[in-house]
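Spelled out from the first residue to the last, the chains are:
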Amino acid sequence: MENRKKVAFYTLGCKLNFSETSTIARNFNDEGFDRVDFEEIADIYVINTCSVTENADKQFKQVVRKAMKLNEKAFVAAVGCYAQLKPEELAAVDGVDLVLGATEKFKITDYIHDLSKNDMGEVHSCEIAEADFYVGSYSIGDRTRAFLKVQDGCDYKCTYCTIPLARGISRSDALENVLKNAKEISAQNIREIVLTGVNIGDYGKGEFGNKKHEHTFLDLVQALDKVEGIERLRISSIEPNLLKNETIEFVSKSRTFVPHFHIPLQSGSNDILKLMKRRYLREVYIDRVNKIREVMPHACIGVDVIVGFPGETDEHFLETYHFLNELDISYLHVFTYSERDNTEAVDMEGVVPSNVRAKRSKMLRGLSVKKRRAFYESQLGTNRTVLFEGENKEGYIHGFTENYVKVKTPWNPELVNTLQEINLTKIDEDGSVRLEFLNKLAEV
């Protein structure tokens, strides 16, 4: 009997990439391959790339070297955003045998016949205008949580972003298919589903191959809330101009959607927001935060922010810093601006020196620590539900409450992938929160 070939996967970047890697892996399994961990020797290594930041590009080369150290004869394939944007550059990386763009990545098994090494990577990448069809995906890597892709591509023209060039126009999964995938996930004893996409608030556009909206994001949320077997639903990231009051109000009363929002801001300066071609001003952002706080005072609100964008003066940065300091939010994801080819921003005046970018990033990361601590302190003494994860970290098991407070308690394998009613008691030195079980049986 012929030995089954082994394939390993490595994912760089966002939750959307993780959902697509998982789907590609299932395709390999259907074709008779055995999936192994990336740390193991495999016949094929598939790297799903990201090109949001310059660091992701560097990471790709490091991952290729890692694969080659494990098995210098292994076949290495690159897929994803970086593979679409700069296929020839990836193909020239030592060890890479195959590069597939946006439309080809889901057909990767069609391209893998001869696993012998190539002197130069073979490239199959489309014109991005051809990426106008939708491929549904979901990830199952962590038994407690799955990423469910509901939308792909983006019609926005933010001046710093390459995602529309890498993923094409905004298009959505059919509502019926999203619900089918959600049911498949919940049937596998997964407690939480995270909705993901490039611009999920735009859900419904391109649902059946046309540009108009057949459904809205609110329609999607309302339909998913009715699916039997789902215990938790989480919205990953949604643009402030697309997060409507009706959605916020529905989440506040929802059976399954948790009180956690991640809303990109990018800058607290209207001048910089205009340079970025964002589709809102800071006043809209304030309105969204205030609405959430009005109906869900205990909600967790995360913020994306970019520092060092061209034209960002010290005054602009301090405007952002003070704006965020005064805003009732819970944590920040801070990104240092990096120049990307084929974007408007790369040719803008007012380039911010790298050392200034680093200083500003450090300041905002410090503010994030302060904000998270304040949010955690506001939750002490409250009763919450925690979903425990599966890793034993130095004798402790960790998990997240519905409103995204990270908690820990001494390791107990019986708690893995369970939802437990708890009371938040104190903040530990590592920043996570200690707890007391409300159901004493959970301590057995």
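Residues numbered from 1 in each chain as written. Predicted model: local features only at pLDDT ≥ 70, side-chain atom pairs only at ≥ 80, totals over all residues. Heavy atoms only, no water.

Novice: Can you lay out the overall build of the protein chain for me, pointing to particular residues and giving the numbers?
Specialist: Check the secondary structure of the protein chain and you find 13 helices and 20 strands. With respect to the principal axes defined by its C-alpha atoms, the protein chain has extents near 60 × 60 × 45 Å. Buried residues in the protein chain amount to 56% of all 444 residues. Long-range pairs, those at least 24 residues apart, make up 72% of the contacts in the protein chain between residues at least 6 apart in sequence. Accessible surface, the protein chain as shown: approximately 19900 Å² in total, 48% of it carbon and sulfur. The averaged location of the 69 negative side-chain charges in the protein chain is 4 Å from the averaged location of its 59 positive side-chain charges. (Helix = DSSP H or I, 4+ residues; strand = E, 2+ residues; numbered from the N terminus. Buried < 20%, exposed > 50% of the residue type's maximum accessible area, 1.4 Å probe, protein only. Contact = heavy atoms within 4.5 Å. Areas by Shrake-Rupley, 256 points an atom, 1.4 Å probe, with all protein chains shown as cover. Lys, Arg positive; Asp, Glu negative; His and termini not counted. Charge placed at Lys NZ, Arg CZ, Asp CG, Glu CD.)

Novice: Go over the packing of aromatic side chains with me, naming the residues and quoting the values.
Specialist: All told, the structure shown has 13 aromatic pairs when counted by the stated rule. Ring plane angle 85° and centroid distance 6.0 Å describe the contact between F60 and Y82, whose orientation is recorded as edge-to-face. Taken together, the residues F60 in helix 2 (residues 54-70) and Y82 in helix 3 (residues 81-85) connect sequence positions 22 residues apart. Take Y82: its relative accessible area is 1%, and that puts it in the buried class. (Phe/Tyr/Trp six-rings, centres within 6.5 Å; stacked < 30°, edge-to-face > 60°.)

Novice: How would you summarise the side chain of N270 if you had to cite specific residues and measurements?
Specialist: By secondary structure assignment, the location of N270 is in helix 10 (residues 270-276). Side chain to side chain, N270 and E283 meet in a polar contact 3.2 Å long. Sequence-distant contacts of N270, that is, excluding residues within four places in its chain, are made with L281, R282, E283 and E319. (Polar contact = N/O pair within 3.5 Å; in protein donor to acceptor, adjacent residues only side chain to side chain.)

Novice: For helix 8 (residues 217-224), give the residues involved together with the corresponding values.
Specialist: Residues of helix 8 that are buried include every one of F217, L220, V221, A223 and L224, and no others. The arc that holds every buried residue of helix 8, seen down its axis, measures 165°, which confines them to one face. Each element contacted by the buried residues of helix 8 is listed here: helix 7 (175-186), strand 11 (192-196), strand 12 (232-235) and helix 9 (245-253). (Arc of directions from axis to C-beta.)

Novice: Kindly report on the pattern of salt bridges, identifying the contributing residues and their values.
Specialist: Summed over all chains, the structure comprises 31 salt bridges. Two residues, R232 and E192, come together in a salt bridge whose shortest N-O distance is 3.1 Å. Taken as a pair, R232 in strand 12 and E192 in strand 11 lie far apart in primary sequence, 40 residues in all. A single burial state applies to R232 and to E192, both of which are buried. (Salt bridge = Lys/Arg side-chain N within 4 Å of Asp/Glu carboxyl O.)

Novice: For the pairing of strand 12, give the residues involved together with the corresponding values.
Specialist: When a strand is regular, its side chains alternate between the sheet's two faces. Side chains R232 and R234 of strand 12 all project onto a buried face; the interleaved residues L233 and I235 project onto the opposite face, where all are buried too. Examined bridge by bridge, strand 11 and strand 12 share four bridges and lie parallel to one another. Among the inter-strand pairings, E192 is bridged to a residue of strand 12, identified as R232. (Pairing = 2+ DSSP bridges.)

Novice: Can you explain the packing of helix 9 against helix 11 (residues 282-295)? Please cite residues and give values.
Specialist: To characterise two packed helices, one gives the angle between the axes of the helices and the distance between these axes. Relative to each other, helix 9 and helix 11 sit at 25°, their axes nearing to 10 Å. Overall, the two elements helix 9 and helix 11 adopt an arrangement that is roughly parallel. When the axes of helix 9 and helix 11 are compared, the crossing they make is right-handed. Note on element contacts: helix 11 touches helix 9 through R288, K291, I292 and V295, opposite N245, I248, E249 and S252. Here the residues of the contact of helix 9 with helix 11 sort into three nonpolar, two polar and three charged. (Axes fitted to C-alpha atoms, helices over the stretch in contact; angles between N-to-C directions. Parallel < 35°, antiparallel > 145°, perpendicular 65-115°, else oblique. Left-handed = near helix turned anticlockwise from the far one by under 90°. Nonpolar A, V, L, I, M, F, W, Y, C, P; charged D, E, K, R; others polar.)

Novice: Quick one: what's the story with the sheet that holds strand 14 (residues 300-307), residue by residue and with numbers?
Specialist: Read across the open sheet, the three strands follow the order 13-14-15; overall the sheet is parallel. Bordering the open sheet on either side are strand 13 (260-266) and strand 15 (331-336), each of which pairs with just one other strand. Here the strands of the sheet are splayed against their neighbours by 20° on average, with no regard to which way each runs. One ladder, built from six bridges, connects strand 13 with strand 14; its direction is parallel. What sits directly across from F261, in strand 14, is I301. Strands strand 13, strand 14 and strand 15 of the sheet are contacted by helix 12 (residues 314-326), whose axis makes an angle of about 175° with strand 14.

Novice: I'd like to hear about helix 12, residue by residue, with values.
Specialist: For helix 12, built from 13 residues, the straight-helix expectation of 18 Å at 1.5 Å per residue is met to within 8% by its first-to-last C-alpha distance of 18 Å. All of the buried residues along helix 12 are H316, F317, T320, Y321, F323 and L324. Here the buried residues of helix 12 occupy an arc of 165° about the axis, which is enough to place them on one side. Relative to its buried face, helix 12 has exposed residues pointing more than 90 degrees away, namely E315 and E326. Each element contacted by the buried residues of helix 12 is listed here: strand 13, helix 10, helix 11, strand 14, strand 15 and helix 13 (354-379). (Expected span 1.5 Å × (residues − 1).)

Novice: Which residues make up unusual backbone geometry, and what are the values?
Specialist: Look at N342: it is not a glycine, yet its phi comes out positive at around 65°. As for its position among the elements, N342 is in the loop between strand 15 and helix 13. A residue is classified by how much of its surface remains accessible, and N342, at 68% relative accessible area, is exposed. The backbone of E394 sits at a positive phi, close to 55°, despite the residue not being glycine. Topologically, E394 is positioned in the loop between strand 16 (383-388) and strand 17 (396-401).

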